[in-house]
Number of protein chains: 2
Amino acid sequence: MKKIINPDRKEWTAILKRPTTISESIEETVASIFADINRNGEEGLKRYTEIFDGAAIDDVLVSETTIAQAEEQLPEALKKAIAVAKENIEAFHSAQKVTKKVIETTNGVFCWQEKRPIQKVGLYIPGGTAPLFSTVLMLAIPAKIAGCSEIILCTPPDKQGNVNPAILYAAQLCGVSKIVKAGGIQAIAALTFGTETVPAVYKIFGPGNQYVTTAKQYATKFGVAIDMPAGPSELLIIADDSSNAAFVASDLLSQAEHGEDSQVLLISTSEKVLSEIEKELALQLEKLPRKKIAQKSITNSKLICVKTDDEALELINEYAPEHLMVCTKNTDFYCNGIVNAGSVFIGNYSPESAGDYASGTNHTLPTNGFAKAYSGVNLDSFLKTISFQEITANGIQNIGSAIEIMAQEEGLYAHKNAVTLRLKSLK
Amino acid sequence: MKKIINPDRKEWTAILKRPTTISESIEETVASIFADINRNGEEGLKRYTEIFDGAAIDDVLVSETTIAQAEEQLPEALKKAIAVAKENIEAFHSAQKVTKKVIETTNGVFCWQEKRPIQKVGLYIPGGTAPLFSTVLMLAIPAKIAGCSEIILCTPPDKQGNVNPAILYAAQLCGVSKIVKAGGIQAIAALTFGTETVPAVYKIFGPGNQYVTTAKQYATKFGVAIDMPAGPSELLIIADDSSNAAFVASDLLSQAEHGEDSQVLLISTSEKVLSEIEKELALQLEKLPRKKIAQKSITNSKLICVKTDDEALELINEYAPEHLMVCTKNTDFYCNGIVNAGSVFIGNYSPESAGDYASGTNHTLPTNGFAKAYSGVNLDSFLKTISFQEITANGIQNIGSAIEIMAQEEGLYAHKNAVTLRLKSLK
């Protein structure tokens, strides 16, 4: 890790720069696969699955029988752990429901909002080294609570054409409607246009590599909404001498093992605290099974010593971390002052992995500084807000002339006339 | 208007098709202007303003003096009307604030959400035939309530380099920080990259023509969020014999006058109702100052007679109108059943123009079927939701083993270790 002591404000931009790179050439690939899937549907989807995943599959949908068998393949302990996580995620996301609140803005003018589910949603679950069944929980549970009627999950199959049973088990447990054996760009294209068996959806959720991320961004051109742009995972920890060096080091490493492009930042007003954590980190790194990955991402990472808490807070808000851990005495100062972050973990017993799996909060969060404008996935991500208004005869008499004047000034005479006619009828 | 009687379900897609066209060539123009502004900043911005708006300007920011003088140029009646609208919009959007709700998902595991303003936002206000000061109110008022600290408004100047005083007045009244004399693609590029005087923003809001819409979509490639994709405005009215034919006709026309590509749809289970409204529409159209525009968009529009209320509701949800007016006896049936719509107007005294100007609801709404996945602009559009968690020693003991098991199954051993270390320390 690079240690930086009291950096000048002018250096902040360079210090906080993320190690991400975007390749223009990916978009051409995305465009050509989208055009292909749009033209050839299911046949194209299977063809790319054979090319990219090495799996020749007859049916892109996982069968009911296979889904039913998944449960038997999982150890009891894992099923119990998933049940604990599910219960907490449900409790947290159910509490996000809001009740209708009618506002009488002027006498006789009643306005309110109501939320409705996005009817068809697509959930993307990456394949690769680890079966991310936890992401199935994080996306399917709020989709179900929101009342989405079609929840389509896409995930790449292995070379034998199979999907990990933990993903199948979590999906059926959370009420996923269909599980599609497809990954990468072709999966996002199938969700965008629909195929013979994959329904086109209105919004696509979930993490993915650069190909998936570029494909999701490209899908918006065709009117499909997406949860948020995604980048490599990241964690920023602010620590003082009330923190536990071993705990903090373990959290930095748990972030670093995600991928070689993950980034971790540690900030403190004390050089001593930084050094202690650095020592612990070196010790723990040696014992990690994913040492190679973690070591690589640790080189992208920085220990930063700043002079004051105010400066630390400013630096944090400038970086806008996906995950922020506050391991300091003055937690209120940081929690009240944080403006840009995805998810905040407070104190010595709130490791980031709690939020990744089982505390109840969502782990699909804005990376790459997107926390400056985006929220993480939550219940609202699966809902739309519709506004309603009901105006009485008296109400239109109260606001009618304001509407007439404004409409006239904007040169919209039919807008004015719609009010004038009503006011005249009430005279 | 085209009259369609009892269409077969197979024909729905064709009937509900919007008259929009997207030109690929616009994106090339957008890309080149973005690159230019990114490279040349302010100089580029002024150059395009001269090319596209015919205005040679020294200072892209409207001066304090000019803003202060705007108030004197407006008639008192307009200022009063704006005050009425502002009060209602404030009341409706302030009521959307939520209070923090801490959920104890498991004993000792405390999770909650807090909302924070998006610090820097850009508001785009189109120029053209009408000065859309109402859109200034609709965007700047919720931005201010949310607590956005920099609110940058861009709007194209006229050939003399001036901005309509009604726009300036509304902007200063609602707390806009800077008013930039720039429109079109170049304004969106300036908000994306920043220039010498225009700050780069995190999210861009507001309507615009195809160039602006394509530019906003393009801006997302650079990490800037946008409110929603936009298309021509549209209105769907469901009416029965309890509706007032003259009122309904006036509402259809108020939508139709927006632009030649606006679309209006009228649905009823009664042919007689459709015919009466059609007659009224012909009469009122003759008297409109913007008759030419309205007439053109009326040709894009349809009267549809369906057999049952159920079929009508299905058709409405399939279309997903930006504005929906419910002028029927069974309003509850439609209001409870609507899933896809931007804003709903109920009864004979709730014209769409009320929501456009002064009832309090927002008029920046999803068009082009985007109501299937997007909400209209509301207070939340200017806020991000951050999740927080604070877990006690007892709390991590309660959920720790679930996290350990799940992390291990996903092959993330450092995630597991972060919990194991804490659990061991508590033994």
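Scoring rules and cut-offs
- Residues numbered from 1 in each chain as written.
- Chains lettered and ligands numbered in written order.
- Predicted model: local features only at pLDDT ≥ 70, side-chain atom pairs only at ≥ 80, totals over all residues.
- Heavy atoms only, no water.
- Axes fitted to C-alpha atoms, helices over the stretch in contact; angles between N-to-C directions.
- Helix = DSSP H or I, 4+ residues; strand = E, 2+ residues; numbered from the N terminus.
- Parallel < 35°, antiparallel > 145°, perpendicular 65-115°, else oblique.
- Left-handed = near helix turned anticlockwise from the far one by under 90°.
- Contact = heavy atoms within 4.5 Å.
- Buried area = accessible area lost by both parts, 1.4 Å probe.
- Salt bridge = Lys/Arg side-chain N within 4 Å of Asp/Glu carboxyl O.
- Nonpolar A, V, L, I, M, F, W, Y, C, P; charged D, E, K, R; others polar.
- Pairing = 2+ DSSP bridges.
- Expected span 1.5 Å × (residues − 1).
- Buried < 20%, exposed > 50% of the residue type's maximum accessible area, 1.4 Å probe, protein only.
- Domains from an automatic or database assignment.
- Polar contact = N/O pair within 3.5 Å; in protein donor to acceptor, adjacent residues only side chain to side chain.

Asks: What is the right way to read the packing of helix α15 (residues 393-409) of chain B against helix α16 (residues 413-425) of chain B from this model?
Replies: Between two packed helices, the angle of one axis relative to the other and the distance separating the axes together describe the packing. All names here are of chain B. Viewed as axis vectors pointing N to C, α15 and α16 meet at an angle of 155°, and their least axial separation amounts to 8 Å. Considering their axes alone, α15 and α16 lie roughly antiparallel with respect to each other. Note on packing geometry: the crossing formed by α15 with α16 is left-handed. Residues I396, Q397, G400, S401, I403, E404, A407 and Q408 of α15 pack against Y413, H415, K416, V419, T420 and L423 of α16.

Asks: What exactly am I supposed to notice about the interface of chain B and chain A here?
Replies: Size of an interface: often given as the accessible area lost when the parts come together. Listed by partner, the interface residues are 117 residues for chain B and 117 residues for chain A. Buried area between chain B and chain A, summed over both chains or domains, comes out near 10,000 Å², and the portion from carbon and sulfur atoms is 60%. For the interface between chain B and chain A, the tally reads four salt bridges. Measuring nitrogen to oxygen at the nearest pair gives 2.6 Å for the salt bridge that ties A:R422 to B:D251. Taken together, the residues of the side of chain B that touches chain A break down into 65 nonpolar, 35 polar and 17 charged. Bridge analysis of strand β13 (residues 343-346) of chain A against strand β14 (residues 383-391) of chain B gives four bridges, and the strand direction is parallel. Residue pairing for β14(B): A:F345 is matched across the bridge by B:Q389.

Asks: What should I look at first to understand α16(B) in this one?
Replies: Each full turn of the α-helix corresponds to 3.6 residues, which orients residues three or four apart in the same direction. Taking 1.5 Å per residue, 13 residues should reach 18 Å; α16(B) reaches 18 Å between its end C-alpha atoms and fits that length. Against the buried residues of α16(B) lie α9 (245-256), β12 (323-327) and α14 (352-357) of chain A together with α15 of chain B.

Asks: Explain the sheet that holds strand β4 (residues 120-124) of chain B here, please?
Replies: Think of a sheet as strands paired side by side through backbone hydrogen bonds, with each pair either parallel or antiparallel. Residue and element names in this part refer to chain B. Judged by pairing direction, the sheet is parallel, and its five strands sit side by side in the order β6-β5-β4-β7-β8 without closing on themselves. Every interior strand has two partners, whereas the edge strands, β6 (178-181) and β8 (225-226), have only one. Relative to strand β7 (residues 203-205), β4 is paired through three bridges, and the arrangement is parallel. Residue pairing for β7: L123 is matched across the bridge by F205. Together, β4, β5 (150-155) and β7 form the strand contacts of helix α7 (residues 184-193), whose direction differs from that of β4 by roughly 175°.

Asks: Would you mind showing me how to read the pairing of strand β3 (residues 109-117) of chain B here?
Replies: A regular strand places its side chains on the two faces of the sheet in alternate fashion. All names here are of chain B. Bridging between strand β2 (residues 103-106) and β3 involves three bridges; their strand directions are antiparallel. Bridge pairing in β3 links T106 to V109. Counting the residues in the hairpin turn of β2 and β3 gives two residues, including G108, whose phi is positive at 85°. Bridge analysis of β3 against β14 gives nine bridges, and the strand direction is antiparallel. Bridge pairing links R116 to K384 in β14.

Asks: Would you explain the pattern of salt bridges in this entry?
Replies: Once the charged atoms of two side chains with opposite charge are near each other, the side chains can pair. Residue and element names in this part refer to chain A. Per the counting criterion, the structure on display carries 36 salt bridges over all chains. E278 is the partner of K3 in a salt bridge, and the nearest nitrogen-oxygen pair spans 3.3 Å. One end of the pair, K3, is in strand β1 (residues 2-5); the other, E278, is in helix α10 (residues 271-286), with 275 residues separating them in the sequence. For K3, a relative accessible area of 34% gives the class partly exposed. Assessed through its relative accessible area of 27%, E278 is described here as partly exposed. Put simply, K329 and D241 hold a salt bridge, and the shortest N to O gap is 2.6 Å. Here the residue K329 occupies a position in the loop between β12 and α13 (331-337), and D241 occupies one in the loop between β9 (234-239) and α9, the gap between them amounting to 88 residues. Of the residues examined, D241 reaches a relative accessible area of 61% and is grouped as exposed. Salt bridges here are not isolated pairs; linked through shared partners, they connect D36, E43 and R47.

Asks: Explain the domain arrangement of chain A here, please?
Replies: All names here are of chain A. Split by domain assignment, chain A resolves into domain 1 (24-226), domain 2 (232-375) and domain 3 (392-425). A separation of 29 Å is found between the C-alpha centroids of domain 1 and domain 2. Taken together, the contact pairs eleven residues of domain 1 with eleven residues of domain 2. Taking both partners together, domain 1 and domain 2 bury about 890 Å²; carbon and sulfur atoms supply 57% of that area. Where domain 1 packs against domain 2, one counts zero salt bridges. Seen at the junction of domain 1 and domain 2, the total is four residue pairs in polar contact (both at pLDDT 80 or more). Broken down by secondary-structure element, the contributors of at least two residues to the side of domain 1 that touches domain 2 are α4 (76-94) and α5 (133-146). Looking at the side of domain 1 that touches domain 2 residue by residue, the classes come out as six nonpolar, five polar and no charged.

Asks: Help me out: how do you make sense of the sheet that holds strand β2 (residues 103-106) of chain A in this one?
Replies: With mixed pairing, nine strands are arranged side by side in an open sheet as β2(A)-β3(A)-β14(A)-β13(B)-β12(B)-β9(B)-β10(B)-β11(B)-β1(B). Of all the strands in the sheet, the pair left with one neighbour each is β2 of chain A together with β1 (2-5) of chain B. Sheet twist, expressed as the average angle between the axes of neighbouring strands with direction ignored, equals 20°.

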